Amino acid sequence: MDRRDLLAAAGLTGPLLPLAARAAIDVPRRPAVPDASFALWPEEAPGLLDAQLRDHVVVRNPDPGFPDRAMDHVRTPRLDLFRAADPNGAAMLVIPGGGYARVVVDKEGYELGPWLAARGITAFVLFYRLPGDPWRDSANVALADAQRAMRLIRHRAGTWKIDPKRVGAMGFSAGGHLCTDLAARFGRKTYAPVDAADALGARPCVAAPIYPVVSMDPGFAHMGSRTLLIGTGATPEMVAEHSPDRRVGAHSPPCFLCHAEDDATVPVQNTIALRAALKAAGVPVETHLFEEGGHGFGWGPRTMGKPAHAWPELFLAWARAHGLLG
């Protein structure tokens, strides 16, 4: 299954989903359908080293009532749009996880898009390039895509009734690493400007890394993400550069963090270290540590009946206090 098949399955090759379908929801509707999809880059994404690379989607669960798809190769990074039926001017860049080996489609992506849109927040799900694919400066291609996405959203803000000052970012697991990396290194030059959008800032107004990979320290790093991002023989300089807890500072946006203490995949120490770094830098931070939830709980059936199910509402209340909702 390739990207064309995915778009066809989502209805993106036919009429767009009516905005009336974006009604308020309390549980995820499956399968979710984006309102539109568009490439991040006007031509080829920069730095491709192998012209044979193709977008590729793996169907991990074919059940249409609980779909689980992931892109394990990304040649054409893109944004999938979930348009708010009653826009309040806010937007969120949603960054799914996947251990930097893949980008999850449904859980952490299409699951959160409709939830945000139903609450007036225009959501953009990011499908970013993976460091294991053949790209120049592979450790920074995902950050380049996140920076480009923030700039593109702001550049086209009028089209979607968005206030360009109220664009935040939310990420999960390895996507949480990318979200935090964006909060820490939004100003790092990762690509040459390609159009007028690149004159705009990439700093999110708020950031929400959810059960994030943060540190590249072998003591508590998620080793799969670390290996794909910086390799097994990474220098101390590479470790420091790609550990966002060492890069956040007074320039970073307010952050909302949450993690389950029984996470056996990405240790909760990642979030604790990030919180400590943000506090030391004087950056506003709210932290929720749940007793149970494991890793990758996202939102929806996996958290029903558990305190962790409340995290999106907690985020929304916090984000309102920090200006996302005006």
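Heads up: the structure comes first, above all this text.
What comes next is a walk through the structure. (Residues numbered from 1 in each chain as written. Predicted model: local features only at pLDDT ≥ 70, side-chain atom pairs only at ≥ 80, totals over all residues. Heavy atoms only, no water.)

1. With respect to the sheet that holds strand β3 (residues 68-73)
1) Next: Spatially, three strands are ordered β2-β3-β6 in an open sheet, and the strand pairing comes out antiparallel. The outermost strands of the open sheet, each flanked by one partner alone, are β2 (56-61) and β6 (103-104).
2) Next: Where β3 lies against β6, two bridges are found, and the strand directions are antiparallel. Following the sheet pairing, Met71 is matched in β6 by Val103. (Pairing = 2+ DSSP bridges. Helix = DSSP H or I, 4+ residues; strand = E, 2+ residues; numbered from the N terminus.)

2. Re the pattern of salt bridges
Close approach of charged atoms allows side chains of opposite charge to pair.
1) Next: Scanning all chains against the criterion turns up 13 salt bridges.
2) Next: Between Asp68 and Arg60 there is a salt bridge, with the nearest N and O atoms lying 3.1 Å from each other.
3) Next: Residues Arg119 and Glu313 are paired through a salt bridge, measuring 3.7 Å at the closest nitrogen-oxygen approach. Here Glu313 lies in helix α9 (residues 311-321) and Arg119 lies in the loop between α3 (112-117) and β7 (122-127), a separation of 194 residues in the sequence.
4) Next: Overlapping salt bridges bring together Asp181, Arg185, Arg188, Glu241 and Arg247 as one network. (Salt bridge = Lys/Arg side-chain N within 4 Å of Asp/Glu carboxyl O.)

3. So, the packing of aromatic side chains
1) Next: Taken as a whole and judged by the stated rule, the model has 12 aromatic pairs.
2) Next: Ring geometry for Phe172 versus Tyr211: centroids 5.9 Å apart, planes at 55°, classification tilted. With a gap of 39 residues between them, Phe172 in strand β8 (residues 167-172) and Tyr211 in the loop between β9 (207-210) and α6 (223-230) connect regions that are remote in the sequence. Here Phe172 matches Tyr211 in class, with each residue buried.
3) Next: Centroid distance Tyr211 to Phe297: 4.8 Å. Interplanar angle 65°. Geometry classified as edge-to-face. Here Tyr211, found in the loop between β9 and α6, pairs with Phe297, found in the loop between β11 (285-290) and α9; they are 86 residues apart in sequence, far enough to count as distant.
4) Next: By the ring-pair criterion, three or more aromatic residues cluster together here, those being Phe172, Tyr211, Phe297 and Trp311.
5) Next: Against the face of Trp135 rests Arg129, its NZ or CZ located 4.7 Å from the ring centre.
6) Next: Its end group placed over the ring of Trp41, Arg148 keeps NZ or CZ at 5.4 Å from the ring centre. (Phe/Tyr/Trp six-rings, centres within 6.5 Å; stacked < 30°, edge-to-face > 60°. Buried < 20%, exposed > 50% of the residue type's maximum accessible area, 1.4 Å probe, protein only. Lys NZ or Arg CZ within 6 Å of the ring centre and 35° of its normal.)

4. Looking at the pairing of strand β5 (residues 91-95)
1) Next: In terms of burial, β5 is a largely internal element, five of the five residues being buried.
2) Next: Residue alternation in β5 divides its side chains into two sets, Ala91, Leu93 and Ile95 and Met92 and Val94, and both sets are buried.
3) Next: Where β5 meets β8, five bridges bridge the pair, whose relative direction is parallel. When the sheet's bridge partners are listed, Met92 is paired in β8 with Gly168.

5. Some words on unusual backbone geometry
1) Next: Positive phi, normally seen in glycine, also occurs at Tyr100, with a value near 60°.
2) Next: Under the relative-accessibility criterion, Tyr100 is labelled buried at 2%.
3) Next: Phi is positive for Tyr211, close to 35°, though the residue is something other than glycine.

6. Quick look at the side chain of Ser225
1) Next: Mapped onto the elements of the fold, Ser225 is located in helix α6.
2) Next: If near-sequence neighbours (up to four positions away) are discounted, Ser225 is found in contact with Gly99, Tyr100, Ala174 and Val213. (Contact = heavy atoms within 4.5 Å.)

7. Section: the nonpolar core
1) Next: Of all hydrophobic cores here, the largest spans 98 residues; its most connected members are Leu93, Phe124, Leu126, Trp311, Phe315 and Leu324.
2) Next: The element best represented in this core is helix α4 (residues 141-155), accounting for nine residues.
3) Next: Apart from the residues within four sequence positions on either side, Phe124 is in contact with Phe38, Leu79, Asp80, Leu81, Ala91, Met92, Leu93, Val94, Ile153, Trp160 and Ile162. (Core = buried A, V, L, I, M, F, W, Y, C linked by side-chain atoms within 4.5 Å.)

8. Quick word on the pairing of strand β10 (residues 255-260)
1) Next: Most of β10 sits inside the fold, with six of its six residues counted as buried.
2) Next: Neither face of β10 is left uncovered, since the one carrying Cys255, Leu257 and His259 and the one carrying Phe256, Cys258 and Ala260 both have all their residues buried.
3) Next: Where β9 meets β10, two bridges bridge the pair, whose relative direction is parallel. Within the sheet, the bridge partner assigned to Ile210 lies in β10 and is Cys258.

Geometry only, nothing functional implied.
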